[in-house]
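Spelled out, the chains give:
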Number of protein chains: 4
Amino acid sequence: MLNDNLKIIEELESSVRSYVRSFPTVFTKAVGHKMWDMDGKEYIDFFAGAGALNYGHNDPKMKKKLVEYIMDDGITHSLDMATKAKTEFLKKFNDVILKPRDMEYKVMFPGPTGTNTVESALKLARKVTGRTDIISFTNGFHGMTIGSLSVTGNSAKRKGAGIPLQNVVTMPFDNFVNEDLDTLEYLERFLEDGGSGVELPAAMILETVQGEGGINAARYEWLKRVEKICNKYGILLIIDDVQAGVGRTGTFFSFEPAGINPDIICLSKSIGGFGSPLALTLCKPELDIWNPGEHNGTFRGNNHAFVTATESLTYWEDKSFENSILKKSEMITQFLEGLVKKYPELEGKVKGRGFMQGIETPVEGLAAKIAAVAFEKGLIMETSGVDDQVFKLFPPLTIDEEGLEKGFNIIEDSIKTIIKKKELVTN
Amino acid sequence: MLNDNLKIIEELESSVRSYVRSFPTVFTKAVGHKMWDMDGKEYIDFFAGAGALNYGHNDPKMKKKLVEYIMDDGITHSLDMATKAKTEFLKKFNDVILKPRDMEYKVMFPGPTGTNTVESALKLARKVTGRTDIISFTNGFHGMTIGSLSVTGNSAKRKGAGIPLQNVVTMPFDNFVNEDLDTLEYLERFLEDGGSGVELPAAMILETVQGEGGINAARYEWLKRVEKICNKYGILLIIDDVQAGVGRTGTFFSFEPAGINPDIICLSKSIGGFGSPLALTLCKPELDIWNPGEHNGTFRGNNHAFVTATESLTYWEDKSFENSILKKSEMITQFLEGLVKKYPELEGKVKGRGFMQGIETPVEGLAAKIAAVAFEKGLIMETSGVDDQVFKLFPPLTIDEEGLEKGFNIIEDSIKTIIKKKELVTN
Amino acid sequence: MLNDNLKIIEELESSVRSYVRSFPTVFTKAVGHKMWDMDGKEYIDFFAGAGALNYGHNDPKMKKKLVEYIMDDGITHSLDMATKAKTEFLKKFNDVILKPRDMEYKVMFPGPTGTNTVESALKLARKVTGRTDIISFTNGFHGMTIGSLSVTGNSAKRKGAGIPLQNVVTMPFDNFVNEDLDTLEYLERFLEDGGSGVELPAAMILETVQGEGGINAARYEWLKRVEKICNKYGILLIIDDVQAGVGRTGTFFSFEPAGINPDIICLSKSIGGFGSPLALTLCKPELDIWNPGEHNGTFRGNNHAFVTATESLTYWEDKSFENSILKKSEMITQFLEGLVKKYPELEGKVKGRGFMQGIETPVEGLAAKIAAVAFEKGLIMETSGVDDQVFKLFPPLTIDEEGLEKGFNIIEDSIKTIIKKKELVTN
Amino acid sequence: MLNDNLKIIEELESSVRSYVRSFPTVFTKAVGHKMWDMDGKEYIDFFAGAGALNYGHNDPKMKKKLVEYIMDDGITHSLDMATKAKTEFLKKFNDVILKPRDMEYKVMFPGPTGTNTVESALKLARKVTGRTDIISFTNGFHGMTIGSLSVTGNSAKRKGAGIPLQNVVTMPFDNFVNEDLDTLEYLERFLEDGGSGVELPAAMILETVQGEGGINAARYEWLKRVEKICNKYGILLIIDDVQAGVGRTGTFFSFEPAGINPDIICLSKSIGGFGSPLALTLCKPELDIWNPGEHNGTFRGNNHAFVTATESLTYWEDKSFENSILKKSEMITQFLEGLVKKYPELEGKVKGRGFMQGIETPVEGLAAKIAAVAFEKGLIMETSGVDDQVFKLFPPLTIDEEGLEKGFNIIEDSIKTIIKKKELVTN
């Protein structure tokens, strides 16, 4: 039965499919941090929809609201017509998220996916400044449509465009060359020297922690200096918080601890709360010079997602959720640092921040092998980085400590299994 | 209360919002072809989510399936991991849609929106052919991300890119210059003459009926000749059936009556059935040379949409639905032709095909005025074309004849109202 | 000896060399319309440096002036510092060419080659209008550097760029599709329709007679309508008169009989008079918004060429030279029309205007064969067009009637020889 | 009289003119390192046609050969047909320059200017590698046509393009950030990291000493490491020796002391010997995969320049010329270092190598002022760098020591004059 279903995939789905190759089963049900496949096998989810399920699967309160909404024949699809579900979301987002953080931003619904919010951000930055170039950073990932792909570092993904990707200059992310080399001194030389071949860009776009690019966390001082440089040269600062935002690194916006004020913020993935497509582009009010419809998208008004998104914001009404994330993040860090010490064979290095941590290992293929063995043992975990050199822990933020420990155990078991095998081979 | 909610929109939402300006109310509920706003006012929906709600709002069977699925804690979000909901959709899509039409295609889930399927189609065409250019057509609309925008004709939308849009050549759509001038003779001269400055493109992309571009329907012979030219020069033919597909023009795929076999087909909007984000890219099996993950997207596995999409395909299990569309299309045509005759002040011309028809009027601002008055009278209807010169009838395909007639009456009343006012002014 | 010298070429010169392949000898001396090779063989020159030797080789008056200048240690190279040779040229160019034609233009020296003047014209048009796109025409040829190549039609040349050529839209030249189809109706539709995908361009660039593209002469009414369209839409009109100018079509500027006033004019090839590198970009005074040095080039002040250019302008002080060109052009036309009638095997068609005429033949390889046999018989003549489908007569404008007749005879002899051979083969 | 002539310039020449603004006189005659204007005023030439007059003005031996050639009705213009003048040049270039240096290269004549050789080099590199991008370096200058301008750093020049310049990545030249920061470590990180956003380029292009960019001399070890990196990644190395070559830095090719073997070498400016337009593109034989005519240009066969170029190579038949350059270079260095010490007000720094040296001063406008005063005192000298922050000494290589000293004196006098004035102002 499971095999019949996998066969359907193989026969009918394009070869572009990827995760089903790493996790070759058919899932049927999921609650919180647990998933079950057709055979009833249970899995712990340390993947969380690549950051789209920060609140876990089928959160009961959101589920209740969503079912009620559907039962009442609430509007499902509205483009950007006004609906009750939408206005309620806007109000609560303003009340719970923006106002308490002293943030004044206009909200745009650019189409329901991460790449849509990035594309809209780039357009707006170019319109506001009248400039064409964007500065992006090494190992950044921003999406797969041509605009977003242009600011994405991964060369295999870029090659997929089939055309030269233009109007972009890539600068070194924090620690790109080595820990001593100051990448921003380098960047600033290019901006200040009129003979550098680098024009003043419309914007810089970056993730504070690069998820796909290998779990690279920029230091807060580095982020602050980026903002300072942007201000100095009249460059807009776009923070792509699609993956690192909505609590993944410990705060609602990933950049809060850095104390910066981006001009444009991109949100998607977990903003819908329940795993349904939704994306937001936030911009400072004075930048909101869009003409009506200048950017649009059929599914920009996904009301089911508005309903669950509104409910999800309840998590942020006081500090308790945030505190719980920080506490559990600490557990993850300690676990990973312990692994690195205990298993020198990993040649491991702990990377990242909050619920966005992992271990980078230079041993070829090792991270993928660990993830593969872990899957057999009932844990879903992804690798990251251009050479898949990192295995990363992305549990739902709502996971309890017991769930975390269970996942840790599977990971450690998987590492042991692989090391033992290697020893056998070596001996 | 309604005004409070509209104020929220005004204060918090970006100025890029558009439809809420034409339809200034707040909707709460919708069933079939009817919608209600916060004040309880009922509207007939001749807009249908710009083609995303071909089966109307909250179709009871889909609704039932969806609620059951959610109640059972079915997977909501799965990237491209396999789920039961997904394999069931794939199987039924193959059984009900592809096989009976002798169509063999691989199915790709490129991210859940129209622009995603177009971007993936362009990438694939460039990869397969090793060429960079795409031929698009005047007044085509394919989406708002940079790749899709490049093949979109509308100059205001293009300008929004803020950068020159490249690797594209626009050729004249059927009847672009005038009815006598054969646009394909031009196109072919450009291809056959090595000094034409137009390189052999990777693909041609087109809609069989241009929805956003002014309800321009290409003749079937024209489509056949396009296919012939593509075959002659080894150019891939991409049909963007995002809006014209899924029954909108009378058949599941809009190009069926033309008897052509596109290399790549783009589907979105109504493919999810219920108005939830979903998109498919179909390609001939021999073109499926993607590397795993070469194109991807966080929400490409929107399982709620799989559930309703699967149920929606039931409509296509026999010919009855198709027949009902054709019959009602006929009513629309007759109504519109009647209007043109009866109201010469419109200087009107009936355009389009199936449930994708409208009247083009050269009188400046008239189409928009008709739509505005109709809204006051309880009908939701959009304009189309670069100068909003067309008002278009886009009811759900499931509307009953009574609903259609009601809508017709409102439209005629609106026209009368406007003409009367004008007469008063003129006199 | 001759072979030794050809061997040097073969061993040391890059494979990119081309004319030496069609004319495999080593030239030593040339006067007027005659050339001699190392073996003393005499040739009649119906090639004239592809239009760079309109006054023939080593014109005695220019030669005298040039030698005197060199003997007196005149400045050879001056970038754009002022020299006596330069100011004298400027003054005489204004007095003899511009003023009598009521033309007010600023003169720019953009670097001494045709591609330099085109590149500077495109830059200026983009700067003046703030737009990026240029409309070029099918089978246009404007040069081999990336900017000029972008507006060149030939696909083999374009491919040589190794990158996509951008910011250009190619429109059909006069008679491109067939004689009945109005290419400007087509062009104008693209400009007037905001959904055409073609943005308003900075400029249109064209040759009045396309030399490299197959000797296609635009009708004067067509040129007038192009100018009218440009005026209507605020598009600059650039006439590339590098090859067709300086008398080649019968008047100093090729567009004089059309009665148009281009915004920018590109001159090179014969403007130096003696075959030395020189180029001019003329622009209307109000367009001359260049910053100092915004475009430049080391050899833009080639004083040897100024000296001979000044002398060459004497030819234009009265109408006698112009009249002689017209008279001899008539002879060329009659000769070619006679050939077409007399030798139906050519399936020939006379093309072009003035001293820029030729015969197009659809018989594959025939034009090249005629040129090859003619070379053996002592005539230098080139083919043209993307498939080398035209053999073209490009004698110096100064050739006498006897020289013309001699050349005609060789051409006819060559045709006879080939036809006879074919008959032998056929029989 | 002089003023009348300057007025002609003002009235008729485009505002793009530049050097005539710095040197507002009209030159009539020049010999060796001396020039005279209409008023008979004598100037010492420390400018040398921006490197196009390395052998000085009107070198008597070249002059003799050139006049004889013209008197004998030698071919002036030949496109790329073979002439005696051309084969003699090719042979001597091979015998005197290439062979003794163990260099095997094919010679291409790409059109007679620097930008032409650069454009041809970029095309060839893209063709050979099948890649699109080029790595250029900060403050590099390679020409003004779109291809060459793309690899040029100066932002004012780049902006002149009016379109985004594409397919290029700018990397930091030696010492760009600061003296401690290793710019090649950066460059290599970008190449080795698959997530860097920088694709493997077709080629790197650079000048060993950047003339226009501020007289920046790359260290020989830096050049060696660039070559090593190119070899490691299969990137072609293009040395643009248009300005630094033909002896300007002390050896015929500027890169000889670095011991590197570029894949492609660009030559122009002084290669013609006499100041006439000529350019060469040298490529390793295995890279010579051009199709005939794939790149061309009307004036690529400038025979007058072949004649003088051939004669000029006589200078290189033994080491004496090279030795004299080195000796005089030493004098220049000592003079400049002396100035820096003696006049701390300059805040000067000596830059460059050989006959391509100058003083950079951060005092705004100072370099230009020195050059302006020197001109009044009878010396022609240019500034360089994006902010004109360098005054540079570019005498002909043939200048005698007396001439050098005279020039030195004028420069020092000019500096004194300016400093005195400032003191007066300050006091």
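Residues numbered from 1 in each chain as written. Chains lettered and ligands numbered in written order. Predicted model: local features only at pLDDT ≥ 70, side-chain atom pairs only at ≥ 80, totals over all residues. Heavy atoms only, no water.

Named according to an unreviewed UniProt entry, chain A is Diaminobutyrate--2-oxoglutarate transaminase originating from Evansella alkalicola. Turning to chain A, the UniProt record has this under Cofactor (unreviewed entry): "pyridoxal 5'-phosphate". Taken from UniProt, the Pathway (unreviewed entry) comment for chain A reads in full: "Amine and polyamine biosynthesis; ectoine biosynthesis; L-ectoine from L-aspartate 4-semialdehyde: step 1/3." (UniProt positions renumbered as here; feature names shortened; annotations may be inferred.)

(A) Spotlight on the packing of aromatic side chains. Under the defined criterion, the tally for this structure stands at 100 aromatic pairs over all chains. Residues Tyr 19 of chain C and Phe 23 of chain C carry aromatic rings whose centres are separated by 6.4 Å and whose planes lie at 15° to one another, so their mutual orientation is stacked. A single burial state applies to Tyr 19 of chain C and to Phe 23 of chain C, both of which are buried. Pairwise contacts between aromatic rings join Tyr 55, Phe 89, Phe 93, Phe 109, Phe 252, Phe 253, Phe 255, Phe 306, Tyr 315, Trp 316 and Phe 321 of chain A into one cluster. It is Lys 41 of chain B that lies over the ring of Phe 375 of chain B; its NZ or CZ is 5.8 Å from the centre. (Phe/Tyr/Trp six-rings, centres within 6.5 Å; stacked < 30°, edge-to-face > 60°. Buried < 20%, exposed > 50% of the residue type's maximum accessible area, 1.4 Å probe, protein only. Lys NZ or Arg CZ within 6 Å of the ring centre and 35° of its normal.)

(B) Local environment of the pairing of strand 7 (residues 168-171) of chain B. Residue and element names in this part refer to chain B. Across the two faces of strand 7 the burial is the same, with Val 168 and Thr 170 and Val 169 and Met 171 all buried. Here strand 6 (residues 134-137) runs beside strand 7; their pairing, made up of four bridges, is parallel. Bridge pairing in strand 7 links Ile 134 to Val 168. (Helix = DSSP H or I, 4+ residues; strand = E, 2+ residues; numbered from the N terminus. Pairing = 2+ DSSP bridges.)

(C) Fine view of unusual backbone geometry. The phi torsion at Lys 269 of chain A lies on the positive side, around 45°, for a residue other than glycine. Within the secondary structure, Lys 269 of chain A is located in the loop between strand 12 (264-267) and strand 13 (280-283). The class for Lys 269 of chain A is buried, based on a relative accessible area of 7%. A positive phi angle, near 70°, is found at Asn 175 of chain D, a position not held by glycine. Residue placement: Asn 175 of chain D occurs in the loop between strand 7 (168-171) and helix 9 (183-192). Overall, the relative accessible area of 32% leaves Asn 175 of chain D in the partly exposed class.

(D) Just the interface of chain C and chain D, in detail. Taken residue by residue, the interface counts 103 residues in chain C and 103 residues in chain D. The contact between chain C and chain D buries some 8,800 Å² in all, and 63% of this surface belongs to carbon and sulfur atoms. Run the count over chain C and chain D and you get four salt bridges. The salt bridge partner of Glu 13 of chain D is Lys 86 of chain C, with a shortest N-O separation of 3.1 Å. The tally of links between chain C and chain D comes to 49 residue pairs in polar contact (both at pLDDT 80 or more). Considering every element that reaches the side of chain C that touches chain D, the biggest residue donor is helix 1 (residues 2-12) of chain C, with seven residues. Classifying every residue of the side of chain C that touches chain D gives 46 nonpolar, 34 polar and 23 charged. (Contact = heavy atoms within 4.5 Å. Buried area = accessible area lost by both parts, 1.4 Å probe. Salt bridge = Lys/Arg side-chain N within 4 Å of Asp/Glu carboxyl O. Polar contact = N/O pair within 3.5 Å; in protein donor to acceptor, adjacent residues only side chain to side chain. Nonpolar A, V, L, I, M, F, W, Y, C, P; charged D, E, K, R; others polar.)

(E) Up close: the relation of the copies chain C and chain D. For the pair chain C and chain D, the relating rotation is 180°, the translation along its axis is 0.0 Å, and the fit reaches an RMSD of 0.0 Å. Expressed as a symmetry operation, the mapping of one chain copy onto the other fits a two-fold axis. When C-alpha distances to the rotation axis are compared across chain C, the minimum falls at Ile 146 of chain C, with a value of 2.7 Å. Here 100% of the interface residues in chain C have copies in chain D that are interface residues too; the copies meet face to matching face. (Least-squares fit on C-alpha atoms with pLDDT ≥ 70 in both.)

(F) Quick peek at the domain arrangement of chain A. Residue and element names in this part refer to chain A. With domains assigned, chain A is organised as domain 1 (62-316) and domain 2 (321-352 + 406-427). Between the C-alpha centres of domain 1 and domain 2 there is a distance of 31 Å. Interface area, domain 1 with domain 2, both sides summed: about 740 Å², of which 60% is carbon and sulfur. For the domain 1 face of the interface with domain 2, the top three residues by lost area are Ile 215, Gly 250 and Tyr 315, together amounting to 46%. Counting the contacts that link domain 1 with domain 2 gives zero salt bridges. At the junction of domain 1 and domain 2, the tally comes to two residue pairs in polar contact (both at pLDDT 80 or more). Within the side of domain 1 that touches domain 2, the residues separate by chemical class into five nonpolar, five polar and two charged. (Domains from an automatic or database assignment.)

(G) Representation of helix 11 (residues 303-312) of chain D. Counting buried positions along helix 11 of chain D gives 10 out of 10 residues, so the element sits mostly inside the fold. Among the residues of helix 11 of chain D, Asn 303, His 304, Ala 305, Phe 306, Val 307, Thr 308, Ala 309, Thr 310, Glu 311 and Ser 312 of chain D are the ones counted as buried. Summarising the contacts, the buried residues of helix 11 of chain D are in contact with helix 4 (60-71) of chain C together with helix 4 (60-71), strand 4 (82-83) and helix 5 (84-98) of chain D.

(H) Geometry of the nonpolar core. The biggest cluster of nonpolar side chains holds 466 residues, and the ones touching the most others in it are Phe 93 of chain A, Phe 93 of chain B, Phe 93 of chain C together with Phe 93 of chain D. Contact partners of Phe 93 of chain A, with chain neighbours within four places excluded, come to Leu 98, Val 107, Phe 252, Phe 253, Leu 267, Ile 271, Leu 280, Leu 282 and Leu 313 of chain A. (Core = buried A, V, L, I, M, F, W, Y, C linked by side-chain atoms within 4.5 Å.)

(I) Representation of the sheet that holds strand 3 (residues 42-45) of chain C in the model. Pairing is mixed in the open sheet, where five strands are placed in the order 16(C)-3(C)-2(C)-1(C)-4(D). The sheet terminates laterally at strand 16 (379-380) of chain C together with strand 4 of chain D, the two strands that pair on one side only. Here strand 1 (residues 26-31) of chain C runs beside strand 4 of chain D; their pairing, made up of two bridges, is parallel. Directly across from Phe 27 of chain C, in strand 4 of chain D, lies its bridge partner Thr 83 of chain D. Taken strand by strand, helix 1 of chain C contacts strand 1 and strand 2 (34-37) of chain C together with strand 4 of chain D, and its axis lies near 105° from that of strand 1 of chain C. (Axes fitted to C-alpha atoms, helices over the stretch in contact; angles between N-to-C directions.)

(J) A look at the packing of helix 5 (residues 84-98) of chain C against helix 11 (residues 303-312) of chain C. Residue and element names in this part refer to chain C. Relative orientation of the contacting elements helix 5 and helix 11 amounts to 35°, with a least axis distance of 9 Å. Read as a crossing pair, helix 5 and helix 11 show a hand that is left-handed. Along its contact with helix 5, which presents Ala 85, Lys 86, Glu 88, Phe 89 and Lys 92, the element helix 11 presents Asn 303, Phe 306, Val 307, Ala 309, Thr 310 and Glu 311. Per-class residue counts for the contact of helix 5 with helix 11 are five nonpolar, two polar and four charged. (Left-handed = near helix turned anticlockwise from the far one by under 90°.)

(K) Spatial organisation of the pattern of salt bridges. Counting across every chain of the model gives 88 salt bridges over all chains. Of the charged contacts in the structure, one is a salt bridge between Asp 263 of chain B and Lys 284 of chain B, with a shortest N-O distance of 3.4 Å. With Asp 263 of chain B in the loop between strand 11 (236-240) and strand 12 (264-267) and Lys 284 of chain B in the loop between strand 13 (280-283) and helix 11 (303-312), this pair connects stretches of sequence that are 21 residues apart. Measuring nitrogen to oxygen at the nearest pair gives 2.9 Å for the salt bridge that ties Lys 232 of chain C to Glu 188 of chain C. With a gap of 44 residues between them, Lys 232 of chain C in helix 10 (residues 220-233) and Glu 188 of chain C in helix 9 (residues 183-192) connect regions that are remote in the sequence. Overlapping salt bridges, with partners in common, bring together Lys 91, Asp 95 and Lys 99 of chain A in one network.

(L) How the structure looks around the sheet that holds strand 7 of chain D. Residue and element names in this part refer to chain D. The strand order across the open sheet formed by seven strands is 5-13-12-11-8-6-7, and the pairing between neighbours is mixed. One side of each edge strand has no neighbouring strand; the edge strands of this open sheet are strand 5 (106-108) and strand 7. In this sheet, adjacent strand axes meet at a mean angle of 20° when their direction is disregarded.

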